[in-house]
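Structure at a glance
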Amino acid sequence: MKQSSQEIEIRPDISLSVEGMTCASCVGRVERALQAVPGVKQASVNLATERATIQLGNDVERSALIEAIELAGYEVPSASSIDINIDGMTCASCVGRVERALLATPGVQSATVNLATERANVVVSNKVHASALIAAVEKAGYQATLIEQTTTSDDAAAQRRDEELKLLHRDLLIAAVLSAPVFVLEMGAHLIPGMHEWIGATIGMQASWWLQFFLTTIVLLFPGFRFYQKGLPALWRRAPDMNSLVAVGTLAAYGFSVVATFTPFLLPSGTIAVYYEAAAVIVTLILLGRFLEAKAKGRTSEAIKRLVGLQAKTARVRRELTVMDLPISDVLTGDIVEIRPGERIPVDGVVLEGASFVDESMITGEPVPVEKIREAAVVGGTVNQTGALAIKATAVGGATVLAQIIRMVEQAQASKLPIQAMVDRVTMWFVPAVMSVAALTFLIWFFFGPEPALTYGLVNAVAVLIIACPCAMGLATPTSIMVGTGRGAEMGILFRKGEALQLLKEASVVAVDKTGTLTEGKPALTNMTVADGFLRDEVLAKVAAVEAKSEHPIARAIVAAAQASGLVLPTVNSFDSVTGFGVRAIVALDGTETRVEIGADRYMRQLGLEPAAFASIASQLADEGKTPLYAAIDGRLAAIIAVADPIKTTTVDAINALHALGLKVVMITGDNRRTGEAIARTLHIDEVIAEVLPDGKVEAVKRLKRDYGRLAYVGDGINDAPALAQADIGIAIGTGTDVAIEAADVVLMSGNLQGVPNAIALSKATIGNIRQNLFWAFVYNCALIPLAAGVLYPVNGLLLSPVFAAGAMALSSVFVLGNALRLKKFQPPSATDNTHLSP
């Protein structure tokens, strides 16, 4: 049964902020108030941090805990999440600067900034207004706008990115057209034999310099103005970023060239030269890199765009005895919505009329359409196939499953992995360190370099500044996360938390619940053998009639089998349940009464019947993991019956795939050990923990973590909630309900266990991709900064031109983005790859 995640707190430990405590007696008062709440196992309150940590023995409503604290005279400040668009970030140092500015705002509990999505997610107390966050970001030198929570993507943000791309394209064209003659005039004079003399004989070298000055000035003032507009203020604030590096480098080259052009007498003899081409071409190449980055960033978010494209825009609604087309935003819960063949279902609902097949691949990843009849649930965004349907809307707008999926993917894409912490620590000092290295490079060349020392010092310092821009570092992790989580969404794998991407890769053991995970979760009659002198249908009809009085799942399976066979059930009288043994009743058919008793072998022996006649069959059933039941009619042993929960057809392949990934698989079940071990043998499961009550699953998970290390637990997300929360990575399979989403770190939208090895393989591929990106970004900078500084000049006379430094810098960012985009082609290890997300 679906339950709202707001109604039940399903995590075993809860942490709450508590305000108003002033001394140790306050601490004791709050602890006693919490421990008095039914279901609280233990409460610990810390006066210094003003936080209460509560261990739960049973499910407890969060509101009950808050109410207890408030009744004791204290306050629990509620926290909320605010999403903000950030404009102007260009590198990893910008990310760190924005995060520090947000965290310094009173009332902010946490802040996560993502360079790839250009967003910040800030957790704040209700006392903090979004305007304070925006002001903090703007004070740090960036622009910020509040993201309104809607059921669709942020159209304004998408439009802003499109406009930025157009602006970059325009500025790149202007810079390229104006820089080309500057490059030809200056570099051609050095590289092409006779061109220096030709320029001197035609327009003259001085006129050439004036023309280069004019064209370069336009490049810097217009297409390149963005670097100075952002980089110089950041420098004044003593918080330099990538723009600062570009601004200082190009202004140094440009300023030196202006002095050489108009006041050459100020320069030492032998140092008079111009570097206009360096300033102009650097701006052009960096604009090219920015343009390619912007295009690639758009491709990394394609999964979200495709998910949003699955949302219907209108719905055909019955109101006031008429049918009208309404915008999707006007549909209300309880409305009757009509869907024609081939149309996309606009909202979540339940079928009232009609029958059809529905393509649910966008939710489950399964390509086979699912039959929908009366009372069947349907999900908004899925596609109706052949028949016409009328549904009652049960969830609209942001409450639909598709809207939840979009929010989860966006949250996962905006999150930071533990591996990002290393990048953050490095980038905090990286840009200031680069500027220090550039200054040191200039001084060493100026005082110890060959003549013209000033020229060498300037050129090499500019090369260091340009080549060291940390764009690639900032993009290495978030772009891979965006593409990896987007690819996961296409496969029906939803990473509720971005950290699960990294933790899942580190898992060494996978613990799985049996019922509903390995099996169908629907017991069915699998075996029935009758004794001599009895007819199968007659025995089944009488047994089913008795079991119809019981609500036990096994009883329902027997009744379903009789109904499927079209049997008429006789009347039942004197039904009685014998606790711990079975059931008995008198059934009447055609005026004849018959005594029927059903139960385990011990019940038969109590009745004086010996089940040894079915001994070989019972042994075979036990080996197959099935528990036999016996039926006696009028005091005679009539039949042996087995009801079992069938194993899903995909389970064996999924477990083989987990083994192929080097993982140990453990089954945790409440079944008896012999049944559990029989199923484990069939499925090649490594270890069985049987006869475990729901409370014991948490202890089993703890033991497995101690024995094997990092553990992923796979369950249905409701009964297994404590174990899901206790595991390093909780994977909810099959339902995608609110409770499953709340309990798990990863949600598999289909009931196919193959999603587990697929998710683990995707995690390995994504983290591998991130490490490749980080290796390139760090090695690139570590290797090329010394080269730009001129360390090889004493050995072989090699120097790196600032122009080539700019090209290499742009190439590094494009490489990182291109490498991340390779994840779009990730193929899962399991046999079934179901990717049907097209609108």
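Criteria and cut-off values
Residues numbered from 1 in each chain as written. Predicted model: local features only at pLDDT ≥ 70, side-chain atom pairs only at ≥ 80, totals over all residues. Heavy atoms only, no water. UniProt positions renumbered as here; feature names shortened; annotations may be inferred. Helix = DSSP H or I, 4+ residues; strand = E, 2+ residues; numbered from the N terminus. Buried < 20%, exposed > 50% of the residue type's maximum accessible area, 1.4 Å probe, protein only. Contact = heavy atoms within 4.5 Å. Areas by Shrake-Rupley, 256 points an atom, 1.4 Å probe, with all protein chains shown as cover. Pairing = 2+ DSSP bridges. Axes fitted to C-alpha atoms, helices over the stretch in contact; angles between N-to-C directions.

The chain goes by Heavy metal translocating P-type ATPase in an unreviewed UniProt entry, where it is assigned to Herminiimonas aquatilis. Per UniProt, the comment on the chain under Sequence similarities (unreviewed entry) is "Belongs to the cation transport ATPase (P-type) (TC 3.A.3) family. Type IB subfamily."

**Re the overall build of the chain**
On a plain count of helices and strands, the chain comes out with 30 helices and 29 strands. Across the 839 residues of the chain, 53% fall into the buried class. The long-range share in the chain, meaning contacts at least 24 apart out of those at least 6 apart in sequence, stands at 69%. Here the chain displays about 36,200 Å² of accessible surface, and carbon together with sulfur accounts for 58% of that area.

**Considerations on the sheet that holds strand 25 (residues 664-668)**
Where strands meet in a sheet, backbone hydrogen bonds hold them as pairs that are either parallel or antiparallel. Pairing is mixed across the open sheet formed by seven strands, whose spatial order is 17-29-28-27-18-25-26. The open sheet has two edge strands with one neighbour each: strand 17 (493-495) and strand 26 (687-689). Strand-to-strand twist in this sheet, taken as the mean axis angle between neighbours without regard to direction, amounts to 20 degrees. Relative to strand 29 (residues 746-748), strand 17 is paired through three bridges, and the arrangement is antiparallel.

**A closer look at the sheet that holds strand 21 (residues 582-589)**
On the basis of which strands lie adjacent, the open sheet formed by six strands has the order 19-24-23-22-21-20 and antiparallel pairing. Only two strands of the sheet have a single neighbouring strand rather than two, namely strand 19 (524-530) and strand 20 (571-578). The mean angle between the axes of side-by-side strands here comes to 20 degrees, regardless of whether they run parallel or antiparallel. Here strand 21 pairs with strand 22 (residues 592-599) via eight bridges, running antiparallel. Looking across to strand 22, one finds that V587 is bridged to T594. Each of strand 19, strand 23 (627-633) and strand 24 (636-644) touches helix 20 (residues 553-564); the most contacted strand, strand 24, lies at about 105 degrees to it.

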